[in-house]
Structures are given as structure tokens and as C-alpha cells.
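Each chain, written out:
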Amino acid sequence: IAFSSLGRPASAASTLATAQLSSADTTTRLMSSSKLYPASIAPIALQNFLWTRTSLTVCPRGVAVGSIAQTLSILLAVPLVAVTQSKLADGPMRSFISVDWLHGIEQLLMAIPNHVMVSSFRQAVAAHENGKPLPQSTKRYAPASKAIVWSYLAIAVAGFIHWVCGGDNWPSLRFMGGALDPPTPFLKASDLTGAPSFAVWLPHWTMFIDFANLLHAMTRWSKSLGISGWKTLAYLHSPWALANVAVFLGHLHKDQNLMLKSLHPVFIFLGSVSTLIGTIMLLQERKGKVKEDTTLVKSMLGAPTNRTELRSDRSGLFDRRYTLNCILLAALLSYASLHLTPMFS
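The notes below deal with the structure included here. (Residues numbered from 1 in each chain as written. Predicted model: local features only at pLDDT ≥ 70, side-chain atom pairs only at ≥ 80, totals over all residues. Heavy atoms only, no water.)

Some words on the pattern of salt bridges
And step 1. If you walk through the whole model with that rule in mind, you get three salt bridges.
And step 2. Salt-bridge contacts for Arg220 lead to Glu129; the nearest nitrogen and oxygen are separated by 2.7 Å. Of the two residues, Arg220 is situated in helix α8 (residues 198-225) and Glu129 in helix α5 (residues 100-129); the sequence distance between them amounts to 91 residues.
And step 3. In this structure Arg220 comes out as partly exposed when scored by relative accessible area, which is 26%.
And step 4. Overall, the relative accessible area of 41% leaves Glu129 in the partly exposed class.
And step 5. Its salt-bridge partner being Arg174, residue Asp181 comes within 3.6 Å of it at the nearest N-O pair. (Salt bridge = Lys/Arg side-chain N within 4 Å of Asp/Glu carboxyl O. Helix = DSSP H or I, 4+ residues; strand = E, 2+ residues; numbered from the N terminus. Buried < 20%, exposed > 50% of the residue type's maximum accessible area, 1.4 Å probe, protein only.)

The following block contains the structure:
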């Protein structure tokens, strides 16, 4: 309760004015921090481009493809969010995140490149540690490229179907039409109003699981090759972990917590800058050793494989066991998130 300078309770008008001023300050801070989103694009794009210099970074080529696709996903997501926000400005649903199916499509655009990167890294690490021939996803761009192109085509078709089926009520359409929503007998319908659906939580959690496995693969790759830069780069991904935590907590609050909304772009910007610095440090470390490691680089990322070797190599891009376990764990965490939402909101 606000008090006047004379010690008497302030008027209702004064209290309301104070609340409005506080809300305006919070909104201003939120808008200021949101400007960091576009500022993060350039460091992310430059870092992912540097990863494609595979002869210097000794980066599996499937990982390089995934990093480029990740940049394209961000460039696609930015106008998608902007256009949606402009169309929702005068309606009851004022946030892109409140449009369940668009939120799900956007998360899939981000999740696919992440999974491709992790799959390629895991295959390369496992093969190198066990002294086996490196898989095609390490030496060639084609396997990861095909996986991403086909996945993006499927996402585009899914997005078109959602848009057509939604008609004039497209903002209120559930992702996958609600077909993936599991039964929640202990929750009321009002408990989940405005919250992400199960199908939207799923790619969120798969990305988080893939993120943790990506960092683990980086540290193993560093130890296996004796390149400390990869381990340093893994540690410099810490702000991205904080950004993920801010996203999860924000969704549990039904994206009504302005502090979490303002912190998320800050962590994204810090993560983009720190990982770019880590990538440059990796290049500097490798710059003087490329001539020494010519044999290593050629054996890993050498000339395109001949057709005979391609036919004999039956290794797929995705580790089916890991992918299945990732989806199952993400499903359990997504279901738990639905039940945690009423406690936070």
C-alpha cells in the first residue's frame, strides 16, 4: 500500500498512477531487451559460417550443415514472429507464443538442425574413439543436407495444412489439431488455457536434451582429438543453457512473467557472443597446427568418398536408439510440464 508524505493512505488514483508507471517502466525495459534478438543474429550467423571451415575446425560436416540450417531457421523465424505479431495486434491473442500451432512449427524449425548436429557429432565421436571408419555424416555434406531438406519440406506442408484448416480462427488452432494431446484427468481446462500444448512442449524438451548431448559430444571430441578449443567452446555455451531455463520457466508462467521475458534475449545475446569468441579461439588454436595435422584432416574430412565405399556404408544419419530415447524422455518431461504449469501460473 502506497502512503502519502503526511502518513495517510494515498488515494486510489495515486496508487493506480504508480502501478501504471511501474508497468510502463517494465514494458520499456522489455522492449529494450527485445532489441537484442536481431543483434544476436550476426554473431550466430558468423559462428555457424566459421564452423563450415572444416579443415581448420575439424568439425564433422554433418555438424556444419546443421549449423547453417540453424541460421536459416532463425532467419525464417524472425519474419514469421513479426508478421504474426502484427496480425494479432488488435485481437484478444496478442502474442506469437499464444498461437499454439505457429509456436510448434517454429520450434520444429529449430529442433531439426539441433538433432542433425548432435547425431552427426555422436557418430563421429563414437567412430573415432573406437578406431572405426568415420561415417558418411562426418565426411560428406549430403546425408545431413538431405535430412534437413526433407524435414523442412514436411514442416512447410504441415504449416500450410494448419493455416488452411484454421481458416478465420487460425490463432486458436492447436498444434497438430490437438491430436497429440494426452489425457490430463487431474487438470481443469482453465489450468492449461494460454499455456503451450503437449505437442509444443515436445520439441522444446528434445532441443534441451540435444543441447546437453551436444556439449557432451564437444568435450569428448576435444579429448579424442587433443584439441582443447572444442572443450572451451562447450563451456562458452553456458549462456545458452540459461536462455533455455528462462524459456522453460516463462512457459510454465504462461509467458506472463515480464522479468523472464526480458532476461531471455539478454542470455541469447550473451550466448551468441561467447560462442563466437569460442569459435575464433578454436580457429586460432588450429591455425598453426593445420600443416602438422594434414594426415588427420585428410583421413577425417578428405576427398569425396567413391561409390563403392558409399554402397558398403550402411550407417544412417540418425542413431535410432538415441532418437527414440530422446523423444520418449522429452514426452515424459512434456507431460510433467503440463502438470507443473498450474503451480507456476
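The rest of the description comes next.
A look at the environment of Glu285
And step 1. As for its position among the elements, Glu285 is in helix α11 (residues 258-287).
And step 2. Taking the C-alpha atoms as reference points, Glu285 and Ile227, 58 residues apart in sequence, are found 8.1 Å from one another.
And step 3. In this view, Glu285 contacts Gly226, Ile227, Ser228 and Gly229; residues no more than four positions away in its chain are not counted. (Contact = heavy atoms within 4.5 Å.)

Some words on a nonpolar patch on the surface
And step 1. On the surface, Leu46, Phe49, Ile68, Leu72 and Leu75 cluster together to form a nonpolar patch covering roughly 450 Å² of accessible area.
And step 2. Counting residues per element, the ones that place at least two in the nonpolar patch are α2 (36-51) and α4 (61-88).
And step 3. Within the secondary structure layout, Leu72 lies in helix α4. (Patch = residues over 30% accessible without salt bridge, like charges linked within 9 Å, V, L, I, M, F, W, Y side chains within 5 Å. Areas by Shrake-Rupley, 256 points an atom, 1.4 Å probe, with all protein chains shown as cover.)

What to know about the nonpolar core
And step 1. Formed by 34 residues in total, the largest nonpolar core has its most connected members in Trp51, Phe121, Met218, Trp221 and Trp230.
And step 2. Put simply, the parts of the chain that give this core at least two residues each are α5, α8, α9 (228-235), α10 (238-252) and α14 (320-344).
And step 3. Top element by residues in this core is α8. It accounts for twelve residues.
And step 4. Leaving out residues up to four positions away in the same chain, Trp51 has contacts with Thr57, Cys59, Val63, Ala64, Ser67, Met117, Met218, Trp230, Leu233 and Thr279.
And step 5. Counting residues in each nonpolar core, the second largest holds 20 residues, with Val65, Val99, Ile105 and Ala147 among its members. (Core = buried A, V, L, I, M, F, W, Y, C linked by side-chain atoms within 4.5 Å.)

Considerations on the environment of Cys326
And step 1. Among the secondary structure elements, Cys326 is positioned in helix α14.
And step 2. Note on Cys326: relative accessible area 4%, which makes it buried.
And step 3. Separated by 119 residues in the primary sequence, Cys326 and Met207 have C-alpha atoms spaced 9.4 Å apart.
And step 4. Residues contacting Cys326, with those up to four places away along its chain left out, are Thr206, Ile209 and Asp210.

With respect to unusual backbone geometry
And step 1. Positive phi outside glycine occurs at Met176, with the angle close to 60 degrees.
And step 2. Examined against the element boundaries, Met176 turns out to sit in the loop between α7 (142-166) and α8.
And step 3. A relative accessible area of 35% places Met176 in the partly exposed class.
And step 4. Even without being a glycine, Lys254 presents a positive backbone phi close to 55 degrees.
And step 5. Given the relative accessible area of 16%, Lys254 is considered buried.

A look at the packing of α5 against α7
And step 1. For the pair α5 and α7, interaxial distance at closest approach is 10 Å and the crossing angle is 175 degrees. Considering the angle they form, α5 stands roughly antiparallel to α7. Mapping the contact onto sequence places Trp101, Ile105, Leu108, Leu109, Ile112, Pro113 and Val116 in α5 and Ala144, Ile148, Ser151, Tyr152, Ile155, Ala158, Gly159, His162 and Trp163 in α7.
And step 2. Class assignment for the residues of the contact of α5 with α7 results in 13 nonpolar, three polar and no charged. (Axes fitted to C-alpha atoms, helices over the stretch in contact; angles between N-to-C directions. Parallel < 35°, antiparallel > 145°, perpendicular 65-115°, else oblique. Nonpolar A, V, L, I, M, F, W, Y, C, P; charged D, E, K, R; others polar.)

Focus on the side chain of His162
And step 1. Within the secondary structure, His162 sits in helix α7.
And step 2. Looking at His162, its side chain comes within polar contact range of the main-chain oxygen of Ala158, at 2.7 Å.
And step 3. Dropping the residues within four chain positions of it, His162 is found in contact with Trp101, Leu173, Arg174, Phe175, Met176 and Gly177. (Polar contact = N/O pair within 3.5 Å; in protein donor to acceptor, adjacent residues only side chain to side chain.)

Re the side chain of Ser334
And step 1. Position of Ser334 relative to the elements: it lies in helix α14.
And step 2. Exposure remark for Ser334: the relative accessible area of 0% places this residue in the buried category.
And step 3. Beyond its immediate chain neighbours, meaning those up to four positions away, Ser334 contacts Phe198, Trp201, Leu202 and Trp205.

Looking at α9
And step 1. Among all positions in α9, only Gly229, Trp230, Leu233 and Ala234 are buried. One side of α9 carries all its buried residues, which in axial view fall inside an arc of 145 degrees.
And step 2. As for α9, its buried residues are in contact with α2, α3 (54-57), α5, α8, α10 and α11. (Arc of directions from axis to C-beta.)

What to know about the packing of aromatic side chains
By convention here, two paired aromatic rings are described through the distance between centres and the angle between planes.
And step 1. All told, the structure shown has eight aromatic pairs when counted by the stated rule.
And step 2. Relative to Trp221, the ring of Phe121 lies with its centre 5.9 Å away and its plane at 75 degrees, an arrangement referred to as edge-to-face. Taken as a pair, Phe121 in helix α5 and Trp221 in helix α8 lie far apart in primary sequence, 100 residues in all.
And step 3. Assessed through its relative accessible area of 0%, Phe121 is described here as buried.
And step 4. Residue classification places Trp221 among the buried positions, given a relative accessible area of 0%.
And step 5. Grouping aromatic residues by their ring pairs yields a cluster made of Trp51, Phe121, Trp221 and Trp230.
And step 6. Between Arg122 and the ring centre of Tyr322, over which it is positioned, the NZ or CZ distance is 4.2 Å. (Phe/Tyr/Trp six-rings, centres within 6.5 Å; stacked < 30°, edge-to-face > 60°. Lys NZ or Arg CZ within 6 Å of the ring centre and 35° of its normal.)

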